[in-house]
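As a plain string of letters, each chain reads:
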Amino acid sequence: MRRSLVFMLMGLFVLGAVGLGAEVNVMHGWPGEQAPAFEKIVEAFEAENPDIDVVVEIVGRDRPAILATRLAAGNPPDLTPHPWIGLMKQWADAGQIVDLSGLVDTADINPALIPIGEYNSGLYGLFIFPNVKSLIWYNPKVFAAKGYEVPTTWYQLLALSEKIVADGGVPLSIGLESGAASGWPGTDWIEDIMLRTAGANVYDKWVNHEIPWTDPRVKLAFETFGNLFDKGYVFGGPIGALTTNFGDAADPLFLDPPAALMHHQATFIQGFFNDHFAGLVAGEDYNIFPLPTITPKATPDGSVPLLVSGDVVTVFNNRPEVIKFAQFLTSETAANIWSTELGELSAYVNADPMGFTDPITRKAQEMLMNATVSRFDGSDLMPGEIGTGAFWSGVLDYISGISLDTVLQTIEAAAEEAY
Amino acid sequence: MIFKRFIARSPLHLTIFIFAAIWLIPTLGLLITSFRDPANIAGTGWWTVFPKLFSGGQYSLENYIGVLRGEGLARSFLNSLIISVPATAISTFVASFAAFGFAWMHFGGRKVLFMLVVGLMVIPLQMTFIPILPIYSKLKLAGTFPGIWLAHTAYGLPLTTYLVHNFMAGIPKDLFDSASIDGASPLMTFWRIVIPISVPALASVFIFQFLWIWNDLLVALVYLSAKPNVAPVTVTIANLVTNRGQDWELLTAAAFVSMALPLVVFFSLQRYFVRGILAGSVKG
Amino acid sequence: MLYTGRWRSWLFVGPALLLIAFFLVYPTIMTIARSFFGRGTSMFGPTVEFAGIKNWTYVFTNKVMLTALRNNALWAVLFTTCTVGFGLILAVLLDRVKYEKIVKSIIFIPAAISMVGASVIWKFVYAYRPINMDQIGILNALVVGFGGQPVGWLIERPWINNICLIVVGIWMWTGFCMVILSAAYKNIPKQLLEAARIDGANEWRVFRNVILPLLAPTAAVVATTMVVQVLKIFDIIFVMTNGNFSTEVIANRMYKEMFNFFNYGRASAIAVVLLILITPFMIFNIRRFARQEGGRQ
């Protein structure tokens, strides 16, 4: 009886292994709120290409680790959208990914975003879903009711926070928890602050480890972030930030009464809190303003630097159907689905901000297209040990009370090995 | 009279009660939460249901439906079965042959080899992946069910062989004497005499291995991947923990779905389990 | 011994030995060798350089590694003492009550649950909400109920969070120890205990002077099994904190070095350290077993 069971199961497996038609294997890590949007894109592609079957594999944590294992085993997915430029470069060096120049037409991608996927005169990543990170989300109704004004400089932001505290409220909500990736929202804060206190050129040096982590300018950026906790501006204090999941960190703004009034996060958070609260109206119940400038010298042209991130599509296996799907991901159709479903931005070259019905996304898209100073997320550019390791845990250690000098020295020691 | 005795022994009962409570409450919390809706979970603790424990309206199967259909847990459940049952069967099979060989057959290096087999229990699994995987991919086994069946069998061999051997070594010799007089070959003796006697031990090893494989996360992740058509329940839930970290309504329902089968297996086959572990280990 | 047909013996043990050679022996040898080479993601490729004892120095001097070693020591002591200790206490106490079977099942249930499942359960128990919101984690609810401030159980370092993780392990494994010790306990001839009691010894004395010595061999085996388990402990830390906030353990470091940082040299060195730590306990178990076997010849 057991034997027949085994054969039955093996039969099942054989059936499963014999695929029908061409198959494209995609691995992504988009969480529950964003995965359905990607499904819609897949459906649109399959509708246009009925003979190609796209199989989606969602890996929530340690995706670089899984990819490394699969590469070593010789069976990586066909392609994967990801934000890890540093890793992409490593893969390119090892000859594990496909140089897409000449294979894919990049005409549909916003020219300012194409270079991010380029390396060593090859094209290894197609920029598809950008995120603007330097945003503060706030509740305009509450601001109006309490007579708060949107700050345009850092000092105004601090003054506003003081006022909120004096009125008995809590200015900021910060959520650092993210399972294995905990700490990354803090790195966004620090990168944004670096751009505003030390300037874009120093930022580049920092990301490339041309200045050490113990440099006073880096220290200042960390301290400016930590200062928010010291002054008691953060909801739940350090423990609150450390235990709140990033996806829930905007929620305090929409409680009644609000438990916090401002939240620093990229455009994607809109999908999250709209999932948790029904009936919020963009522009009325929530709005955004860019994180203000801090040191005028660091931003000489007066404009607000923009921290950008996003996903690039990297291809592992060069097959016609795979290339076709990669091309489709850069298309206007895909970009539109993503934007409409999630209120996300578009990397489409001719994206029309006015085409966005959602005023928030429109605003962010305009920021993206008009920014004079923009930089890609630092931790995604750094090598894995730092960008997804030491930097993240450094933030956690610092906020949970370890001395900043110790934290920076630890990261620096790891950086010396990694670069 | 019985009552008096009960009171006299109340410290005993109290101690036991405290232990039982600590052990039960976390799981109870999980169970109750899996039936509540997200707003309730986020707003109030699960213990607040107790005053109105049996009034309907606050419970729903939403979470379970969501997790089985929406998050693909139903398919994962099937995958877990496809992984666990054959792997456990093969594992028990190979281990019982080996255990018999080590217990009752004479060949050079028998003792040393057996100690090696058992000693290999120390190997941490992570250490083995990278050397093996390239070979696996050449053999086209990576990402396949037979691939993971072999892997689980091998990883479980040290312990399963040890347990079965423990039992088989204790079989009285006279049982074999009558068989060899009849001229039976080792294979026939094994099949006709030893296996039937060893059923309790084999059953317990089967359960042990089944639970281990069903609950495994790492081996599945590495050898199979997280593709929905092969991912077992553990992989799906681990993903949920990362992606929906604070969506307790989903996590609790999913966790309970993953626990259901092992608990059923355990409860219905308890006696084999306990008997099997002990066979031999208590004599010492 | 029964049969001496050699080729027939190999038929029986052959498959097992082949599988073990491929899946366990070969990788171990490769890993030991690899630990003397540098970082990189291949076993022995052109980009991998000889590194001598560099990786080994790292393992024993790097701060994070030392934290991991410290934590494993903490786990080894606390986890083993409690699982075996509680298992023993429960085995003895439960023998005296009628509802023994039910409670035994309750204690054993966690053993059937996957680590991931257990992590969900206990993450929920340890949940934190700021003081002005309702608590949803039972531990903080108790603390607040008694007038205290909610605690970030998995964040407070260095002892509270580690102990909280160890509690999860104890919760899962005590049942296992209890079952084995219970069977051993029931094997003690009742007359022995009766004789001691008649002689005037109180319960504690009986326990100390009669029960413990008789159970010692079994307890030793159970304890060493637990220690081996705990030195390799991975899943609980991986899912609940991923080693953050000073909760790192050796097995998790190895996973990270291998899969997140792509430094196979270091990962191999860490793996070998794990091996070295576990080996004495395995030798103990095997020796005991050999003594048993010797009696059987």
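Predicted model only: the values in this text are computed from it and were never measured.

J.: Quick rundown of the overall build of chain A? Include the residues and the values.
T.: If you tally the helices and strands in chain A, you get 17 helices and 12 strands. Relative to the globule expectation of 22 Å for 419 residues, the C-alpha radius of gyration of chain A, 22 Å, shows essentially globular dimensions. Dimensions of chain A along its principal axes, counting C-alpha atoms only, are 70 × 55 × 50 Å. The burial tally for chain A puts 61% of its 419 residues in the buried class. Considering only residue pairs separated by 6 or more positions, chain A has 77% of its internal contacts joining residues 24 or more positions apart. Carbon and sulfur atoms form 54% of the exposed surface of chain A, whose accessible area is close to 15500 Å². Looking at chain A, you have 22 positive and 51 negative side-chain charges, and the mean spots of the two groups are 3 Å apart.

J.: Lay out the packing of aromatic side chains with the relevant residues and their values.
T.: A full pass over the atoms with the stated rule returns 60 aromatic pairs over all chains. Aromatic side chains A:Trp30 and A:Phe129 sit 5.5 Å apart centroid to centroid with 45 degrees between the ring planes, which places their arrangement in the tilted category. Placement of A:Trp30 in the loop between strand S1 (22-28) and helix H2 (35-48) and of A:Phe129 in strand S6 (residues 126-132) is noted, with a sequence separation of 99 residues between them. A:Phe129 carries the same exposure label as A:Trp30, and that label is buried. Seen from their ring centres, A:Phe222 and A:Tyr398 are 6.0 Å apart, and the 70 degrees between their planes marks the pair as edge-to-face. Of this pair, A:Phe222 sits in helix H9 (residues 216-230) while A:Tyr398 is found in helix H16 (residues 384-399), placing the two residues 176 residues apart along the sequence. The buried category is assigned to A:Phe222, whose relative accessible area is 0%. The exposure class assigned to A:Tyr398 is buried, which follows from its relative accessible area of 15%. Over the ring of C:Tyr185 we find C:Lys190; its NZ or CZ atom is 5.2 Å from the centre of that ring.

J.: Explain the confidence of the model for chain C residue by residue, including any values.
T.: Residues and elements named next belong to chain C. On average, chain C scores 84 in pLDDT, and the residues at 70 or more come to 92%. Mean pLDDT values over the elements of chain C span from 78, in helix H12 (residues 264-296), up to 93, in helix H3 (residues 63-94). For this predicted complex, the interface score ipTM comes out at 0.79, alongside a pTM of 0.81.

J.: Would you mind going over the interface of chain C and chain B in detail, with residue names and values included?
T.: Note on interface size: it is often stated as the accessible area lost on association of the parts. Contact residues are listed per partner, giving 88 residues for chain C and 102 residues for chain B. With both chains or domains summed, chain C and chain B bury close to 9000 Å², and 79% of this area falls on carbon and sulfur atoms. Across the contact surface, chain C and chain B share 0 salt bridges. Linking chain C with chain B are 7 residue pairs in polar contact (both at pLDDT 80 or more), by the criterion used here. Contributing elements (two or more residues each) for the side of chain C that touches chain B: helix H1 (6-34), H3, helix H4 (100-108), helix H5 (115-125), helix H6 (138-145), helix H7 (160-186), helix H11 (250-260) and H12 of chain C. Residue contributions to the side of chain C that touches chain B peak at 20 residues, all from H1(C). Here the side of chain C that touches chain B is composed, by residue class, of 66 nonpolar, 13 polar and 9 charged.

J.: Could you give an account of the sheet that holds strand S7 (residues 135-138) of chain A, with specific residues and numbers?
T.: Residue and element names in this part refer to chain A. Reading across from one edge, S8-S9-S7-S10 is the order of the 4 strands in this open sheet, with mixed pairing throughout. The open sheet is flanked by strand S8 (172-173) and strand S10 (287-290), the only strands paired with a single partner. Across 4 bridges, the pairing between S7 and S10 is antiparallel. Its bridge partner being in S10, Trp137 is matched across the sheet by Ile288. Helix H14 (residues 359-370) contacts S7 and S10 of the sheet and is inclined by roughly 20 degrees relative to S10.

J.: Give me the lowdown on the nonpolar core, citing residues and values where you can.
T.: Counting residues in each nonpolar core, the largest one holds 281 residues, and the members touching the most others are A:Phe325, B:Tyr155, B:Tyr223, C:Phe23 and C:Trp75. A total of 16 residues in this core trace back to one element, the largest contributor, which is H7(C). The next biggest cluster of nonpolar side chains, apart from the first, holds 58 residues, and it includes A:Leu172, A:Ile211, A:Leu408 and C:Phe245.

J.: An account of the side chain of B:Ser80 is requested, with residue identities and associated values reported.
T.: Within the secondary structure, B:Ser80 is located in helix H5 (residues 73-104). Once residues within four sequence positions are removed from consideration, B:Ser80 is found in contact with B:Trp214, B:Pro232 and B:Val233.

J.: Please give an account of unusual backbone geometry that cites residues and values.
T.: One can expect most non-glycine residues to show negative phi and most peptide bonds to be in trans. Going from A:Asp256 to A:Pro257, the amide bond is cis rather than trans, its omega being 0 degrees. Take A:Pro257: it is sitting in the loop between helix H10 (237-243) and strand S9 (262-264). With omega at 0 degrees, the peptide bond leading from C:Arg157 into C:Pro158 counts as cis. Residue position: C:Pro158 is located in the loop between H6 and H7. Of note, the phi angle at C:Asn242 is positive, near 55 degrees, even though the residue is not glycine. Within the secondary structure layout, C:Asn242 lies in the loop between helix H10 (235-240) and H11. Residue C:Asn242 is classed as buried on the basis of its relative accessible area, which comes to 5%.

J.: How would you explain the packing of helix H7 (residues 184-197) of chain A against H9(A) if you had to name every residue and give the values?
T.: Residue and element names in this part refer to chain A. Relative orientation of the contacting elements H7 and H9 amounts to 120 degrees, with a least axis distance of 9 Å. Relative to H9, H7 is oriented oblique. Crossing of H7 against H9: the hand is right-handed. Contact residues: Gly186, Trp189, Ile190, Ile193, Met194 and Thr197 in H7; Arg217, Val218, Leu220, Ala221, Phe222, Thr224, Phe225 and Leu228 in H9. Each residue belonging to the contact of H7 with H9 can be placed in one class, and the counts come to 10 nonpolar, 3 polar and 1 charged.

J.: Describe in detail the pattern of salt bridges, supporting the description with residues and values.
T.: Residue and element names in this part refer to chain C. With the rule as written, the count across this model stands at 20 salt bridges over all chains. We note a salt bridge from Glu248 to Arg253, for which the minimum N-O separation is 3.0 Å. Just as Glu248 is buried, Arg253 falls in that class too. A single salt-bridge network, built from bridges that share partners, covers Asp95, Glu100, Lys104, Lys186 and Lys190.

J.: Can you lay out the confidence of the model for chain A for me, pointing to particular residues and giving the numbers?
T.: This prediction gives chain A a mean pLDDT of 86; 94% of its residues lie at or above 70. Note on residues 15-20 of chain A: pLDDT is under 50 here. Beyond four places in sequence and across chains, it has 0 contacts.

J.: Would you mind going over the packing of H7(C) against helix H9 (residues 203-231) of chain C in detail, with residue names and values included?
T.: All names here are of chain C. Following both chains from N to C, one finds H7 and H9 inclined at 155 degrees, their axes separated by 10 Å at the closest point. When the interaxial angle is binned, H7 and H9 end up roughly antiparallel. For the crossing formed where H7 meets H9, the hand is right-handed. On the side of H7, the interface is formed by Trp173, Phe176, Cys177, Ile180, Leu181, Ala184 and Tyr185, while H9 contributes Ile211, Leu215, Thr218, Ala219, Val222, Met226 and Gln229. Of the residues belonging to the contact of H7 with H9, the class tally is 12 nonpolar, 2 polar and no charged.

J.: How would you explain the environment of B:Phe206 if you had to name every residue and give the values?
T.: Within the fold, B:Phe206 resides in helix H10 (residues 186-214). Distance from B:Phe206 to B:Phe93, taken between C-alpha atoms, is 9.5 Å for residues 113 residues apart in sequence.

J.: Pulling in residues and values, what's your account of a nonpolar patch on the surface?
T.: Together, B:Leu14, B:Phe17, B:Ile18 and B:Ile22 give the surface a local cluster of nonpolar side chains, amounting to about 420 Å² of exposed area. Relative to the helices and strands, B:Phe17 is located in helix H2 (residues 10-33).

J.: Any details on H7(A)? Residues and values, ideally.
T.: Residue and element names in this part refer to chain A. Across its 14 residues, H7 extends 20 Å between first and last C-alpha, which sits within 8% of the 20 Å expected from 1.5 Å per residue. In terms of burial, H7 is a largely internal element, 14 of the 14 residues being buried. Looking one or two residues beyond H7, the residue adopting positive phi is Gly199, at roughly 95 degrees.

J.: Describe the pairing of S7(A), naming the residues involved and giving the relevant values.
T.: Residues and elements named next belong to chain A. Side chains Leu135 and Trp137 project from S7 onto one buried face, and the interleaved Ile136 and Tyr138 project onto a second face that is buried too. Examined bridge by bridge, S7 and S9 share 3 bridges and lie antiparallel to one another. Bridging across to S9, Tyr138 finds its partner in Met262.

Thresholds, definitions, all that
- Residues numbered from 1 in each chain as written.
- Chains lettered and ligands numbered in written order.
- Predicted model: local features only at pLDDT ≥ 70, side-chain atom pairs only at ≥ 80, totals over all residues.
- Heavy atoms only, no water.
- Helix = DSSP H or I, 4+ residues; strand = E, 2+ residues; numbered from the N terminus.
- Rg over C-alpha atoms; globule rule 2.2 N^0.38 Å.
- Buried < 20%, exposed > 50% of the residue type's maximum accessible area, 1.4 Å probe, protein only.
- Contact = heavy atoms within 4.5 Å.
- Areas by Shrake-Rupley, 256 points an atom, 1.4 Å probe, with all protein chains shown as cover.
- Lys, Arg positive; Asp, Glu negative; His and termini not counted.
- Charge placed at Lys NZ, Arg CZ, Asp CG, Glu CD.
- Phe/Tyr/Trp six-rings, centres within 6.5 Å; stacked < 30°, edge-to-face > 60°.
- Lys NZ or Arg CZ within 6 Å of the ring centre and 35° of its normal.
- pLDDT = per-residue confidence, 0-100.
- Buried area = accessible area lost by both parts, 1.4 Å probe.
- Salt bridge = Lys/Arg side-chain N within 4 Å of Asp/Glu carboxyl O.
- Polar contact = N/O pair within 3.5 Å; in protein donor to acceptor, adjacent residues only side chain to side chain.
- Nonpolar A, V, L, I, M, F, W, Y, C, P; charged D, E, K, R; others polar.
- Pairing = 2+ DSSP bridges.
- Axes fitted to C-alpha atoms, helices over the stretch in contact; angles between N-to-C directions.
- Core = buried A, V, L, I, M, F, W, Y, C linked by side-chain atoms within 4.5 Å.
- Parallel < 35°, antiparallel > 145°, perpendicular 65-115°, else oblique.
- Left-handed = near helix turned anticlockwise from the far one by under 90°.
- Patch = residues over 30% accessible without salt bridge, like charges linked within 9 Å, V, L, I, M, F, W, Y side chains within 5 Å.
- Expected span 1.5 Å × (residues − 1).

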